[in-house]
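Letter by letter, the chains look like this.
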Amino acid sequence: MIGALLGVALQVTITISAPDTLIVDRPATLVMRAEVPGMVRPRIVPPDFAPLSASLSEESLSQHDVDGSATTTVEQRWVVVARRPGSAVLAPFEVQLGRTTSRSRATPIVVRPAPVLQSPTIAAGAPAPSTDDPDGISFHAHIAPDTVYVGQQATYEVGVYLSDAVRYRLRRNPEFVAPELRSMLAYDVAVARAPVTRRELGGQRFEVHVFQRALFPLSAGHYSLPPARLNYSLPLTASFFSREESRQLRSESVSLSVLDPPADGRPADFAGAVGSFAIESRVDGGALRVGAPFTLTIRVRGAGNVSFFPRPALTLPWAQLVAAGERVSIDSSTSNLRGWKEFDWIITPTHDGAVEVPAVRYPYFDPVRKRYDIALADPVPLRVASGTLASLDSVPATPAAMLTLRASLGEPVRRPWSDSRLYWLLLLAAPLPAFILALAPRARQRRPVTPAAHLRRMARVGGAAPGEIRRQFTAALRSRVPGLTRDTLAERTALHRALRRSGVTRETADAVDALLSDLDAAMYARNGSLGSGAARRALDCWRAVDEESRRRAPAPRLSGMVARLALLVALALAGATALWAGRPEAERAFANGVTAWDDAQYAASAMLFLDAAEQEPRAVAAWANAGTAAWVAHDTATAVLAWQRALRLDPLARDVRNRLALTPGFAPQTLAHVPAIPLGASVALVALAWCVTWGAAGAAARRRDRRWRTTAIVAGALTLVLAAFAWRAGESAAARQVAVVSETSSLRALPALGGEAMARALTGEVAEIRRAQGVWSRVRLSDREGWMETDLLRTIALPDAPR
């Protein structure tokens, strides 16, 4: 039973999946799924559940953002139990998002009493052990019915008879070994929950322990089931320390005859369903509109081989549909296996207005009545609003009018620099200058004492001669003021003019002039001294000149050298990349593909674009157009393969990414997703950051400068981050172990046709190949894993990609 409420204003979808019927004291699973727009988690308020009892067993949250359309989905699984028969109405769930509350519909449920437990056939039909049997144990097998149709259940039973005497002698449970079964599926069923069956024979009581297994043959023929084995041990004496003796019993070998369903009266669309079935349809999704996909679910329930229920046939003239997931629920609590299986389709409307999901036929063969019958699902009326895609009735050119081609072949994507040996040689050579600078011996040079330092020392010590003060003062002036010569110092007017041109104020220039005049006079005076403050006066004048003079332009530093080195590396890498010259064969095939598209020959157009892509494998336009033509020609696998290759060559191609969003399984955090990271730019930035790192490291090693060391550390960290992005882009572009499923097929638990079938791999899904074994490959899809035929996989890696 499904209850759903669609909040049109908020586009909130609440779906309740619960069984129609509950059995007293038998737990069942109820699933509540709420989908809201945005990235805010809604608040879920469950109902009271009375008169049922319920407990939350699992809750999951998923958030997706596709092309700016964000959705949040919360799914809760509840285990519900009914305590008494009757009918119950499950109150609505509430979903609160901000100040708005949405509610699901009430769900009616019928509660039935538990079935009367019946004793297994083997407990009443098999012979008990004879009273003179020394062990008092017998072991028998039975199968009923012994003649069935393909897909009909046959119940295999094994009974163990234990007398009271031997039961008290057993110190451990016997070991039961079931027979090996081939060409049929087997499910262990729960034996009726009743006290152990007892039989009384010859005044002696026996306990009967029963094992049951439901068998479903897969092909017609006569099968002989080998004996089952029972291993047990009995002590030789009544002593606690007595040793035990191991013994083994074998059951009878039983036979089973399997027939094909009769050909008389077989419907043309019969797909092999054997049993008794009912079918129903439901639609999950928000407000329906053209171009917006929604989910159609058909549930088949009944008695039979639930895992092998075939998918119903479905056609919708008003929409495009893609088969999606499957879910199975098996009830093995009774001897007759029952359950349900749900089949999903992704429906994309192409017409607006009033439409209808027709009554779905499900032909099956009833082995009890030995006749064919048909289960029908009620039609589901829908109303589709206009959307982003035009209705097919409003355009004359079918689906091709919705998609456009790229007009020209264009230049192919250049190979990344990482494919060139020169790139790696340059990366290996980048650390060499740094090592050379670090290991080269440096000559020990004494730092010369500057005239300003001499002035400071003389001012501190005192007693310096006027001639020494004048010599150091003029030397300091010449080092600070450009263009100052001995002749300029000798002529006071020229000195004053030179100081003023360098930015010194008039007062400071006058003070320098006065100081030099006093020093000259003192040098030629009889006593030859200006006192103890002369050196301090000279130092103050020098400091004033140093502060007021304009600073000289700094000399070129090593950063310019690093920039030049990075520029040379970029030019070398660009020169190592060959320019594309275009191939006439590819251009010709591309032009013919465009012509075939205009003539509505979409399959031929796809083949021509694939030919162009084969001639020029790195031409994005050829792959993109091949995918578009194949999609319109209803070749989903080829479309996904071509679009995947185009997007991996150019991750920034928005038109290709939007078209891949139409295909199954393309979403963030899935195998089909391609990160928007261009490989060529990534490896170029890695090389640039690598060269800057080692250039700064060499400067730090040579100059012992902390700033260069910090620059090297920051550039190295940036190199690691860029390398991680480049590695991710390279793995995505290579797609070495990624393939497209070319045909819908069931995943199998083992690499064999007789392996148990699990979930289905859909046409156009992207799978990761884990390992290969013969003609089988173990693949991982977005949410499931299993074995499938290698021939059904088409690798995404480009034909010229390095392996």
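Colleague: How would you sum up the overall build of the protein chain? Please name residues and give values.
Modeller: Along the protein chain, the regular secondary structure elements total 18 helices and 37 strands. Per-residue burial over the protein chain gives 43% buried out of 803 residues. The long-range share in the protein chain, meaning contacts at least 24 apart out of those at least 6 apart in sequence, stands at 67%. If you sum the accessible surface of the protein chain, you get close to 42,100 Å²; carbon and sulfur atoms cover 54% of it.

Colleague: Go over the sheet that holds strand β22 (residues 254–259), please, and point to the residues and values.
Modeller: Pairing is mixed across the open sheet formed by 3 strands, whose spatial order is β13-β22-β19. Here the strands that pair on one side only, and so sit at the sheet edges, are β13 (147–149) and β19 (221–225). The sheet shows a mean angle of 30 degrees between the axes of neighbouring strands, taken without regard to direction. Sheet topology note: the β19/β22 ladder contains 5 bridges and is antiparallel.

Colleague: Residue-level account of a positive patch on the surface, with values.
Modeller: Taken together, the side chains of R702, R704, R706 and R709 present a region of like positive charge at the surface. With respect to the secondary-structure elements, R704 resides in the loop between α17 (679–703) and α18 (706–734).

Colleague: I'd like a rundown of the packing of helix α9 (residues 506–524) against helix α10 (residues 534–548), residues and numbers included.
Modeller: Across the interface, α9 lies against α10 with an axial gap of 10 Å and an inter-helix angle of 150 degrees. The orientation of α9 relative to α10 falls into the category roughly antiparallel. As α9 runs across α10, the sense of the crossing is left-handed. Residues T508, A511, V512, A514, L515 and D518 of α9 touch α10, and the partners they reach there are R537, A538, C541, A544, V545 and E548.

Colleague: An account of the environment of A385 is needed here, citing residue identities and associated values.
Modeller: Checked against the element boundaries, A385 lands in the loop between β30 (380–384) and α3 (421–429). The class of A385 is partly exposed, set by a relative accessible area of 39%. In contact with A385, not counting residues within four places along its chain, are L288, R289, V290 and D352.

Colleague: Residues and numbers for the environment of W623, please.
Modeller: Turning to its location among the elements, W623 is positioned in helix α14 (residues 620–632). Between the C-alpha atoms of W623 and L409, which are 214 residues apart in sequence, the distance is 9.8 Å. Once residues within four sequence positions are removed from consideration, W623 is found in contact with L610, A613, P617, A642, W643, R645, A646, L649, L798 and P799. Within the structure, W623 has its side chain in polar contact with the backbone oxygen of P617 (distance 2.8 Å).

Colleague: Lay out the pattern of salt bridges with the relevant residues and their values.
Modeller: This structure, assessed with the given rule, holds 24 salt bridges. Of the charged contacts, one joins E326 and K341 as a salt bridge, the two residues approaching to 3.4 Å between their closest N and O atoms. Taken together, the residues E326 in strand β25 (residues 319–331) and K341 in strand β26 (residues 338–349) connect sequence positions 15 residues apart. Each of the two residues, E326 as well as K341, counts as buried. Note that D344 is salt-bridged to R327, the shortest N-O span being 2.6 Å. Of this pair, D344 sits in strand β26 while R327 sits in strand β25; the two residues are 17 residues apart in sequence, bridging distant segments of the chain. Relative accessible area serves as the criterion here: at 32%, R327 is assigned to the partly exposed category. One continuous salt-bridge network, built from bridges that share partners, spans R282, R299, R327, E342 and D344.

Colleague: Please provide a residue-by-residue account of the packing of aromatic side chains, values included.
Modeller: Taken as a whole and judged by the stated rule, the model has 16 aromatic pairs. A ring pair is formed by F49 and W78, whose centres lie 5.0 Å apart and whose planes are at 40 degrees; its orientation type is tilted. One end of the pair, F49, is in the loop between β5 (43–45) and β6 (53–66); the other, W78, is in strand β7 (residues 69–81), and 29 residues separate them in sequence. Taken together, a centroid distance of 5.7 Å and an interplanar angle of 70 degrees make the contact between W690 and W694 edge-to-face. Taken together, the positions of W690 and W694, both in helix α17 and 4 residues apart, correspond to about one turn of that helix.

Colleague: Break down the nonpolar core for me, citing the residues and quoting the values.
Modeller: W623, L647, V656, V766 and I796 are the most contacted members of the largest nonpolar core, which totals 45 residues. If you list the elements that add at least two residues to this core, you get α12 (584–598), α13 (602–615), α14, α15 (636–649), α16 (654–660) and β31 (738–741). At 10 residues, α14 tops the list of elements feeding residues into this core. Beyond its immediate sequence surroundings of up to four residues, L647 is in contact with A653, V656, R657, L660, F666 and V674. Core analysis: the next-biggest nonpolar cluster, separate from the first, contains 28 residues, I298, L316, A319 and A377 among them.

Colleague: Explain α13 residue by residue, including any values.
Modeller: With 14 residues, α13 should reach 20 Å at 1.5 Å per residue; the first-to-last C-alpha distance of 20 Å fits that figure. Looking only at α13, the buried set comprises Y602, S605, A606, F609, A612 and A613. When α13 is viewed along its axis, its buried side chains cluster within an angular range of 120 degrees and face the same direction. Projecting away from the buried face of α13 at angles above 90 degrees are the exposed residues M607 and E614. The inward-facing, buried residues of α13 contact α12 and α14.

Colleague: How would you summarise the sheet that holds strand β3 (residues 21–23) if you had to cite specific residues and measurements?
Modeller: In spatial order, the strands read β3-β11-β8; together these 3 strands make up an open sheet with mixed pairing. Bordering the open sheet on either side are β3 and β8 (86–90), each of which pairs with just one other strand. With strand direction ignored, the average angle separating the axes of adjacent strands in the sheet is 30 degrees. Both β3 and strand β11 (residues 107–112) contribute to a ladder of 3 bridges, which runs parallel. When the sheet's bridge partners are listed, I23 is paired in β11 with R112.

Colleague: So what about the side chain of H140? Which residues, and what values?
Modeller: For H140, the position within the fold is in strand β12 (residues 137–144). Separated by 2.6 Å, the side chains of H140 and E252 make a polar contact.

Colleague: Got a sec to walk through the packing of α12 against α13? Specific residues and values, please.
Modeller: Running from amino to carboxyl end, α12 crosses α13 at an angle of 165 degrees, the nearest separation of the two axes being 8 Å. The angle between the axes of α12 and α13 places the two elements in the roughly antiparallel class. Relative to α13, α12 is oriented so that their crossing is left-handed. Each of E585, A586, A589, F590, N592, G593, V594, A596 and W597 in α12 lies in contact with α13, whose residues at this interface are Y602, A604, S605, L608, F609, D611, A612 and Q615.

Colleague: Describe in detail the environment of R171, supporting the description with residues and values.
Modeller: Relative to the helices and strands, R171 resides in the loop between α2 (164–169) and β15 (175–177). What makes R171 partly exposed here is its relative accessible area of 38%. In this structure R171 touches P235, S239, F240, F241, S242 and E244, once residues within four positions along its chain are discounted.

What counts, and where the lines are drawn
Each chain carries its own residue numbering, running from 1 in the written order of its sequence. Whole-chain, interface and lining totals are the exception, using all residues; otherwise, since this is a predicted model, local features are given only for residues with pLDDT of at least 70 and side-chain atom pairs are given and counted only at 80 or more. Side-chain measures here rest on the full set of heavy atoms in the structure, leaving out hydrogens and waters. Only runs of H or I of at least four residues qualify as helices and only runs of E of at least two qualify as strands under DSSP, and these elements are numbered from the N terminus. Note on exposure labels: buried denotes an accessible area under 20% of the residue type's maximum, exposed denotes more than 50%, and partly exposed covers the range between, all computed with a 1.4 Å probe on protein chains only. We call two residues contacting when some pair of their heavy atoms lies within 4.5 Å. Using a 1.4 Å probe, the Shrake-Rupley method yields the accessible areas, and only the shown protein chains count as cover for residues. For two strands to be treated as a pair, DSSP must find at least two bridges joining them. For helices, the axis comes from a line fit to the C-alpha atoms of the stretch in contact; other axes are also lines fit to C-alpha atoms, and the angle between any two N-to-C directions lies between 0 and 180 degrees. Nonpolar side chains (Val, Leu, Ile, Met, Phe, Trp, Tyr) are joined into patches within 5 Å and like charges within 9 Å, using only residues with over 30% relative accessible area and no salt bridge. Should a side-chain nitrogen of Lys or Arg be within 4 Å of a carboxyl oxygen of Asp or Glu, the pair is scored as a salt bridge. Only four residue types enter the tally: Lys and Arg on the positive side, Asp and Glu on the negative side, with His and both chain ends excluded. Charge placement uses NZ in Lys and CZ in Arg. For Asp and Glu, CG and CD serve respectively. To sort the angles, those under 35 degrees are grouped as roughly parallel, those over 145 as roughly antiparallel, those from 65 to 115 as roughly perpendicular, and the leftovers as oblique. The hand of a helix crossing depends on one turn: near helix anticlockwise from the far one by less than a right angle means left-handed, and clockwise means right-handed. Polar contact is the term for a pair of N or O atoms within 3.5 Å; when the atoms are in protein, one must be able to donate a hydrogen and the other to accept it, and sequence-neighboring residues count only if both atoms are side-chain atoms. Geometry of aromatic contacts follows a simple scheme: Phe, Tyr and Trp rings, the Trp one being its six-membered ring, pair when their centres are within 6.5 Å, and the pair is stacked under 30 degrees between planes, edge-to-face over 60, tilted otherwise. Note on terminology: a nonpolar core comprises buried Ala, Val, Leu, Ile, Met, Phe, Trp, Tyr and Cys residues joined through side-chain atoms within 4.5 Å. The span you would expect from a helix comes to 1.5 Å times its residue count less one. The directions considered for the arc are those from the helix axis to the C-beta atoms.

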